[in-house]
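# Per-entry structural report
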Amino acid sequence: MRLPVEVNVFLLSLLAPGVLYSMNNFPVLQEPLPILGMGMVVLGSVLLVLLLTVQHKKTVDPLFYVFAEFSFTCLVGLTNALEQDGFISGFMDFYLRMGEPHLSTAYAVMMSYWEGVVHFLLFLTIIHRMFRGKSYRSLGLLWAGSSIAHQVVLIPGVIIGKHGTNLKPAFWRNTPFFLVPFWAASVLLSRPRELPVVPADKILADQRKSLLSRPVDLLLSVLLLGAAAFSAFRAFVVLDCPLDACFTYVYQYEPYLKDPVGFPRLMMLVHFFYALPLLTALIYGLRTPGCSWMLDWTLLFAGAMAQTQWCHMGASLHSRTSFTYRVPSDKWWPVVTLNVILAAVPTLLAVRCRYSPAYFMKTVPKGQTSAEKKKN
């Protein structure tokens, strides 16, 4: 009897710490180019094992190989996080010296926890649903948003931060991990949405309601507006705005925004140039009926904001961040509350869109069949 595919992926991923431990004890593999080469060999070997694992399947979704390969790297990340926090040792020393020194920063540690727990569980769930013939599109979009945000902040953040002068060849192995989530997102967006069957008269009734008669949407609009204002304000802070409010905030509330690692500065600019326009678009979508794109982009955005805020909040409180840049103990509650709200609002909006999508669905003729309505 064959094990379920997700169990095979789980067991294969558990080999990651063993590979790291072996490399950490072979000096010949601890130079920059051998590290990069060995990394490519390991990932290629994982792909080969995956091909053998599903060779008996008639058809295999190409995204399976993405999710399964990334599952292996998730355990690499979790191993790094546990070692940096002192729970284990003897796995990552060589890689931090000659591979990617930035992985020892507080931001990278929190990023590694997110990968090793949240992404890993998402991958196993997606693979389970994939081979049971169940839909996984929404979970896939959630991961894609999270992964894209992760790479958009990580790669430029390393280059412009204090580690930018010490880039090793292994750093460039992030290139495919940067490109693949965009491809995966485009594939998922091209597939049909998972929508309930909603009668045409209910769609029309919901779309006739103004924003004031939809209290949940009104509250979400206000929260999105507040999130947009907060994102713009923090961008001004990292751009050294001379206003007293910016000066007070960065020195008395979130000094981590000035940490020379570069990640917080880059993240605030990403929020300003990408999240802020999307927040504006989401507010528009809440007041304009028939914006079916809301059903997809809220998932992507929820994943992105959850990932970036987890890393930002965790790093600003982590012991690996210099005490000078940590959130002051007397300002802990207001700072954490604001950051949690910023992460939670997109998630709440995504939940609202998923479980009550009628307002965002395209209007259909009254006599159209249920199957056709579902396709829309």
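All of these numbers come straight from a predicted model, not from anything done at the bench.

## Topic: empty space enclosed by the protein
- As enumerated under the stated definition, the model contains two cavities of 30 Å³ or more in all.
- In this model, the largest cavity occupies a volume close to 120 Å³.
- As for the largest cavity, its lining consists of 13 residues, of which Ser138, Glu194, Leu295, Leu299 and Arg354 are closest to the centre.
- Grouping the amino acids of the lining of the largest cavity by side-chain chemistry returns six nonpolar, two polar and five charged.
- Here the second largest cavity defines a volume of roughly 40 Å³.
- Lining of the second largest cavity is provided by Gly99, Glu100, Pro101, His102, Val158, His163, Asn166, Leu167, Lys168 and Phe171.
- Per-class residue counts for the lining of the second largest cavity are four nonpolar, four polar and two charged.

## Here's the deal with the nonpolar core
- Counting 63 residues, the largest nonpolar core has Tyr107, Leu224, Met294 and Leu349 as its most contacted members.
- The element best represented in this core is helix α12 (residues 263–287), accounting for 12 residues.
- Residues contacting Tyr107, with those up to four places away along its chain left out, are Val153, Tyr256, Phe263, Met267, Cys311, His312 and Ala315.

## Things to note about the environment of Leu266
- Following the sequence through the fold, Leu266 ends up in helix α12.
- The exposure class assigned to Leu266 is buried, which follows from its relative accessible area of 11%.
- Residues Leu266 and Ile341, spaced 75 residues apart in sequence, show a C-alpha to C-alpha distance of 20 Å.

Calculation criteria
Residues numbered from 1 in each chain as written. Predicted model: local features only at pLDDT ≥ 70, side-chain atom pairs only at ≥ 80, totals over all residues. Heavy atoms only, no water. 1 Å grid on protein atoms, 1.4 Å probe; cavity = no way out; pocket = protein on both sides within 12 Å on 5 of 7 lines; lining within 4 Å. Points joined across faces, edges and corners; volume = space filled by probe spheres on them. Nonpolar A, V, L, I, M, F, W, Y, C, P; charged D, E, K, R; others polar. Core = buried A, V, L, I, M, F, W, Y, C linked by side-chain atoms within 4.5 Å. Buried < 20%, exposed > 50% of the residue type's maximum accessible area, 1.4 Å probe, protein only. Helix = DSSP H or I, 4+ residues; strand = E, 2+ residues; numbered from the N terminus. Contact = heavy atoms within 4.5 Å.

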